[in-house]
Amino acid sequence: MIRMLDPTRLADDERALLREAFDRVLEGGSFILGPEVERFEQEIAAFLGVRHAIGVSSGTDALIVSLLSLGVGPGDEVICPAYTFFATAGAIARVGATPVFADVELHDFMSSAEAIAARIGPRTRAIVAVHLFGQAAEIDRMLDWGVPVVEDAAQAIGATLGGRRVGSFGALGAFSFFPSKNLAALGDGGLVTTNDDDLAEKARTLRVHGARRRNHHELLGGNYRLDALQAAALRVRLPRLGDRTARRVAIAERYREGLRAAGVGVANEGQFIDRDADRDDVVLLPRVVRGEHVHNQFVVRVAARVRDPLRATLLERGIETAVYYPEILPHQPCFAHLPDARAPFGGASTAAAETIALPIDPALREDEIDTVIATIARGCDGARRR
């Protein structure tokens, strides 16, 4: 089986280092926050180029803590993309604010600076800019509007724009260490980043029930603490992140070259697939639009009517795929009361109908990558003959 992610494919030396790290935590007896988390925060802050890194319990909680640190709450509006993982909008709603959605471009599946600017209104308190699938959004163009920006960098650790790593641009950044991420914990974990000392102090306070000192709660926070065991695992894996990212980039390039050579892959320039023309055999390949792409996912586009048959063909050959994301955020049932629930969001809806994520685990073998390419080419040939 060629899986989207196979966490059991660990090098022997990594297994040994993880066991050593766990033994160190067990012997130290500090299991929540503590010195292991502090050391990880220092190491990852240096890697990301930020003044402060605050370990939290998940990527979702990183978004919640970021928004709470900015004072976002009931009566406020926060702009975010219409096409991304639910946690982005869910965190906005969880703090009592209203998500306002911006459509996305089809060449990179992200909201442009112009699309976000068009949604700014008198109640806008913040923007959540999503660096989707491992590529930087137009974050540099979103900082001059007088609205605080939270970077949702859950899928993009290590990605850069203009030589700076994402998570260092906005008022705050939010990262996830879910097992599918490029820097993966062995469970949930997250990170808040900022260059602002006051926001960092608020984030650290919010993650421990709003208490700067024991049993004295100045803010209404929550239990958003990072476990020491997860921090220890992340410390083992952080020095390997560069090599693992380079492998993802190499796999992505091999997909591009192989699918082009097979006569089915063309660059995704953002055009709509003409459903009335004979375009069922085309696979639109993801592009590196800006900065350094870290390829948390490799997402292609195909005509909606052939997506499920193509996925079935791949599965018959033992190849897992995924759809990120089959239902756009404004059309989720929990947001049915919002005005945006009745808007079409053409770019986001097209992305939801036409995208397939292919396996891009750094542990993939060359023959497995070739099998994926050959199977897609066969599936597209079948679509051409229909």
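Along each chain, the written sequence defines residue order, and numbers are assigned to residues from 1. Thresholds applied to this predicted model are a pLDDT of at least 70 for local features of residues and 80 or more for the giving and counting of side-chain atom pairs; totals over whole chains, interfaces and linings are not thresholded and use all residues. Where side-chain values are given, they derive from all heavy atoms of the structure, hydrogens and water being excluded.

Points about the pairing of strand S9 (residues 190-194)
We apply this condition: Only protein chains enter the accessibility calculation, which uses a 1.4 Å probe; a residue whose area is less than 20% of its type maximum is buried, one above 50% is exposed, and one in between is partly exposed. Secondary structure elements follow DSSP: runs of H or I no shorter than four residues count as helices, runs of E no shorter than two count as strands, and numbering proceeds from the N terminus. Two strands pair if DSSP finds at least two bridges between them.
The buried count for S9 comes to five of five residues, which makes it a mostly enclosed element. Here S9 shows a buried face lined by Gly190, Val192 and Thr194 and a second buried face lined by Leu191 and Thr193. Bridging between strand S1 (residues 52-56) and S9 involves five bridges; their strand directions are antiparallel. Within S9, the residue paired with Val56 across the bridge is Gly190. Sheet topology places strand S8 (residues 172-176) next to S9; four bridges connect them, and they run antiparallel. If you follow Phe175 over to S9, its bridge partner there is Leu191.

Section: unusual backbone geometry
Going from Tyr324 to Tyr325, the amide bond is cis rather than trans, its omega being 5 degrees. Among the secondary structure elements, Tyr325 is positioned in the loop between helix H9 (304-316) and helix H10 (346-354). Located in the positive-phi region is Leu33, a residue other than glycine, with phi close to 55 degrees. Here Leu33 shows up in the loop between helix H1 (12-28) and helix H2 (34-48). For Leu33, a relative accessible area of 15% translates into the label buried.

Re the nonpolar core
So the rule is basically this: Here the nonpolar core consists of buried residues drawn from Ala, Val, Leu, Ile, Met, Phe, Trp, Tyr and Cys, with membership extended through side-chain atoms lying within 4.5 Å. We call two residues in contact when some of their heavy atoms are within 4.5 Å.
Residues Ile44, Leu67, Tyr83, Phe101, Val128 and Phe177 are the most contacted members of the largest nonpolar core, which totals 89 residues. For Phe101, the residues in contact, after removing those within four places along its chain, are Cys80, Pro81, Ala82, Ala89, Arg119, Leu329, Pro330, Phe335, Leu338, Asp340 and Phe345. Judged by nonpolar contacts, the second largest core, of 28 residues, contains Phe298, Ile360, Leu364 and Val372.

Thoughts on the layout of surface pockets
Worth spelling out the cut-off: Cavities and pockets were defined on a 1 Å grid built over protein atoms only: a cavity is a set of grid points that admits a 1.4 Å probe from which the probe cannot escape, a pocket is an open set flanked by protein on both sides within 12 Å along at least five of seven lines, and lining residues are those with an atom within 4 Å of any such point. Grid points are joined across faces, edges and corners, and a volume is the space filled by probe spheres set on the points. Gly is placed with the polar residues, together with every amino acid not listed as nonpolar (Ala, Val, Leu, Ile, Met, Phe, Trp, Tyr, Cys and Pro) or charged (Asp, Glu, Lys and Arg).
One number sums up the size of the largest pocket: a volume of about 400 Å³. Taken together, 23 residues make up the lining of the largest pocket; nearest its centre are Phe85, Ala154, Ser176, Phe178 and Lys181. The set of elements that each furnish at least two residues to the lining of the largest pocket consists of helix H3 (59-69) and helix H4 (86-94). For the lining of the largest pocket, the element with the most residues is H3, which contributes three residues. Class assignment for the residues of the lining of the largest pocket results in eight nonpolar, 12 polar and three charged. A volume near 220 Å³ is recorded for the second largest pocket. Looking at the second largest pocket, it is lined by 17 residues, and the ones nearest its centre are Pro7, Pro179, Ala184, Arg237 and Arg244.

Concerning the environment of Ala118
By secondary structure assignment, the location of Ala118 is in the loop between helix H5 (113-117) and strand S4 (124-130). Under the relative-accessibility criterion, Ala118 is labelled exposed at 63%.

Quick look at the sheet that holds S9
The cut-off we apply is this: Fitted lines through C-alpha atoms give the axes, limited to the stretch in contact for helices. The angle between two N-to-C directions lies from 0 to 180 degrees.
Here seven strands make up an open sheet; going across it, the order is S1-S9-S8-S5-S4-S2-S3 and the pairing mixed. Every other strand in the sheet has two partners, leaving S1 and strand S3 (98-102) as the edge strands with one partner each. Averaged over all neighbouring strand pairs, the angle between strand axes comes to 25 degrees, with direction disregarded. Of the strands in this sheet, S1, strand S2 (77-81), S4, strand S5 (149-152), S8 and S9 touch H3, which is tilted by about 165 degrees from S8.

Focus on empty space enclosed by the protein
Scanning all chains against the criterion turns up three cavities of 30 Å³ or more. Of the volumes computed, that of the largest cavity is approximately 100 Å³. For the largest cavity, the lining is made up of 13 residues, of which Phe109, Phe133, Gln135, Pro286 and His293 are closest to its centre. Its residues assigned to classes, the lining of the largest cavity comprises six nonpolar, five polar and two charged. Volume-wise, the second largest cavity comes out at about 40 Å³. What lines the second largest cavity is simply Met1, Arg3, Asp6, Arg9, Asp361 and Leu364. Class assignment for the residues of the lining of the second largest cavity results in two nonpolar, no polar and four charged.

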